[in-house]
2 protein chains.
Amino acid sequence: MKHFVVGVDVGGTNVKLGIVNSSGKVLSRSSFSTVAFIQTPETLTDAVCEAVVALLAKEGVSRSDVLGVGIGLPGLIDVDKGVVRLLPNIPGWADVALKRIMEKKLGLKVLVENDVNMITLGEWEYGAGKGIEDLICMTLGTGVGAGLILNNRIYRGPGFAAGEIGHAPLSDDGPACGCGGWGCFERSVGNKRLQKDAVVMFGKEDITLEDVYRKAVEGKKKALKFWEAVGEKVALGLIGPINILNPECIIIGGGVSRSFDWMKPSIEKTVKRRCMKTQAEMVRFVKARLDDDAGIIGAEVLIRHENN
Amino acid sequence: MKHFVVGVDVGGTNVKLGIVNSSGKVLSRSSFSTVAFIQTPETLTDAVCEAVVALLAKEGVSRSDVLGVGIGLPGLIDVDKGVVRLLPNIPGWADVALKRIMEKKLGLKVLVENDVNMITLGEWEYGAGKGIEDLICMTLGTGVGAGLILNNRIYRGPGFAAGEIGHAPLSDDGPACGCGGWGCFERSVGNKRLQKDAVVMFGKEDITLEDVYRKAVEGKKKALKFWEAVGEKVALGLIGPINILNPECIIIGGGVSRSFDWMKPSIEKTVKRRCMKTQAEMVRFVKARLDDDAGIIGAEVLIRHENN
């Protein structure tokens, strides 16, 4: 019986790995610096494969007990073919047949997926979205992305590009966006913009979102107000997706979600005021539960669904 | 062998019926005025049932050859339970168990569906969306709605309220909308607004969209420019849905779609300029093909899928 999945979560800073059992529990972890191996797709892929082998050895798991390896990367992934089309923040990756390369190196089944979809799969099966058939799993950080579970299945779109909730325009004269459009939702709630808002609100050039989070933990009024205002801005970008998709639940993850409890009331209030009645009454907002493990745990879901 | 489906399309003005064969062909049609029977849900339901019986008799189709009756209505429909939750423009309909009532009266299987979803099913299986797994079928008229086919299946949402593409806000200071929100897409491209735009552009108080359509047929420059501008406004409301859902195709139906050919170039140009690369390169814009029959033909798809 094959019991284990190895989950690999490739980020711009670190690569995190974990052995996950068939209940979605992470048994053992490792990680290494992405930057140290970023030179070419080959160097990074070799490092990932070596780390997989080392982690299995460390935990004493034999290959015959491994159902497969699921690897999530921040970019456009052809999941069916196992090809990395493009990683916007890791240079050199264009149409890399990662599944084929890793399967050959490892002698294990490999599936490749977009990182946000991997997190979504994890939260859906083992986290904040358990048992829910229709949900949006949003990550709020430098970028604003989402994975979509619709009709009890992940929805990737025919070009594997679905979920770009951060790139719906909220006004026709908003600031230019890296995506090529302008006025995008991400421009109003991405970390860079929130950071600027914090500088203005606190009048301190070097204040960080981490500082504002800590001030809120301490109960400082201005910080609580800051996160309340962020909640309202987050809600504005969710009106369209909520009216269009009528989700049962929106899971909020990513760095900013640490401040979820202070954002939630203003998110709910704004959605109630602006969304259509049925949609507004139905949707619930919940904080992501799996934190840094979501992407690794999602690999277990991806591999198991493929094998069922 | 049961070969036929009766499709019923309930509109605010007329109720249209048709017998549809298993190839999606409408063999025989009838219709009657909604307004004449609008007093109560009972009077309208009775009229529909009588019209179904009369149409079958006229065509000489016996009940044993009828797979079922599919009825589409303009409102919020619980498809699983067969209950009409609300029809915004037909008073008195609140939580009407239409499936149960009609099945008892007719002795035939009945399925109830939202009218735009019914059109979407028809266009997907027999019209402009044939063979496509992920599409948005938009109706442009007094209201702006859509049906969603995602992962090769209709997506209704857990509250049966999905597809409200007309109620995604395009600005935070736009005009108030009947949905309770403001700045909605529908407020910029619904018939009422287009009518006002036409009055301003042509300086004629009594000009209709029908007039502007005819002027465009005659090749009048100003009318062609009008529809080009409409196309641009339509595209602005589609940027978000396209980036979020990465559809292969957007079908445009409803009254305004008669002018599709003059709108298409500016829709394509704006989408190319504003949408994300993968999404923009993939999406195609096509005109609905089944016209007034779409809702009736959709009933065949609904009934057959349920029976497969």
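Residues numbered from 1 in each chain as written. Chains lettered and ligands numbered in written order. Predicted model: local features only at pLDDT ≥ 70, side-chain atom pairs only at ≥ 80, totals over all residues.

Remarks on the nonpolar core
We count it as follows: Under the definition applied here, buried Ala, Val, Leu, Ile, Met, Phe, Trp, Tyr and Cys residues are grouped into a nonpolar core through C-beta atoms within 7 Å. Between the buried cut of 20 or more and the exposed cut of 12 or fewer other C-beta atoms within 10 Å of a residue's own C-beta lies the partly exposed class, and all C-beta atoms are placed from the backbone. Distance between backbone-placed C-beta atoms decides contact: two residues are in contact if it is within 7 Å.
One finds Val8(A), Ile250(A), Ile251(A), Val8(B), Met138(B), Ile250(B) and Ile251(B) to be the most contacted residues of the largest nonpolar core, which totals 197 residues. Apart from residues no more than four positions distant in its own chain, Met138(B) is found in contact with Val144(B), Ala146(B), Ile165(B), Ile250(B), Ile251(B), Ile252(B) and Gly253(B).

Quick look at the relation of the copies chain A and chain B
To keep it simple, the criterion reads: The superposition of copies rests on a least-squares fit of C-alpha positions from residues with pLDDT of 70 or more in both.
When chain A is fitted to chain B, the residual RMSD is 0.0 Å, and the transformation amounts to a turn of 180° plus an axial shift of 0.0 Å. Those values place the two copies in the arrangement expected of a two-fold rotation axis. Minimal C-alpha distance to the rotation axis in chain A is attained by Ser171(A), lying at 2.3 Å.

Some remarks on the packing of helix α6 (residues 209–217) of chain B against helix α7 (residues 221–245) of chain B
Residue and element names in this part refer to chain B. Condition: Note on geometry: axes are lines fitted to C-alpha atoms, helical ones only across the stretch in contact, with angles between N-to-C directions running from 0 to 180 degrees. Going along the chain from the N terminus, every DSSP run of H or I of four or more residues is numbered as a helix, and every run of E of two or more is numbered as a strand. Handedness of each helix crossing follows the sense of rotation of the near helix against the far helix: counterclockwise by less than a right angle gives left-handed, clockwise gives right-handed. Polar here means any residue other than Ala, Val, Leu, Ile, Met, Phe, Trp, Tyr, Cys and Pro, which are nonpolar, and Asp, Glu, Lys and Arg, which are charged; Gly is therefore polar.
Contact geometry of α6 with α7 gives a least axis separation of 7 Å together with a crossing angle of 115°. Seen from above, α6 lies across α7 with left-handed handedness. Here α6 contributes Val212, Lys215 and Ala216 to the contact with α7, which in turn contributes Ala223, Leu224, Phe226 and Trp227. Looking at the contact of α6 with α7, its residues break down into six nonpolar, no polar and one charged.

Some thoughts on the domain arrangement of chain A
All names here are of chain A. Spelled out, the test is: Segmentation into domains, and thus their bounds, comes from an automatic or database assignment.
As assigned here, chain A comprises domain 1 (4–120 + 292–307) and domain 2 (131–289). The C-alpha centroid of domain 2 is placed 27 Å from the C-alpha centroid of domain 1. Taken together, the 10 residues of domain 1 in the interface contact 13 residues of domain 2. Among the secondary structure elements, those contributing two or more residues to the side of domain 1 that touches domain 2 are β5 (76–78) and α3 (115–126). When grouped by side-chain class, the residues that make up the side of domain 1 that touches domain 2 number six nonpolar, three polar and one charged.

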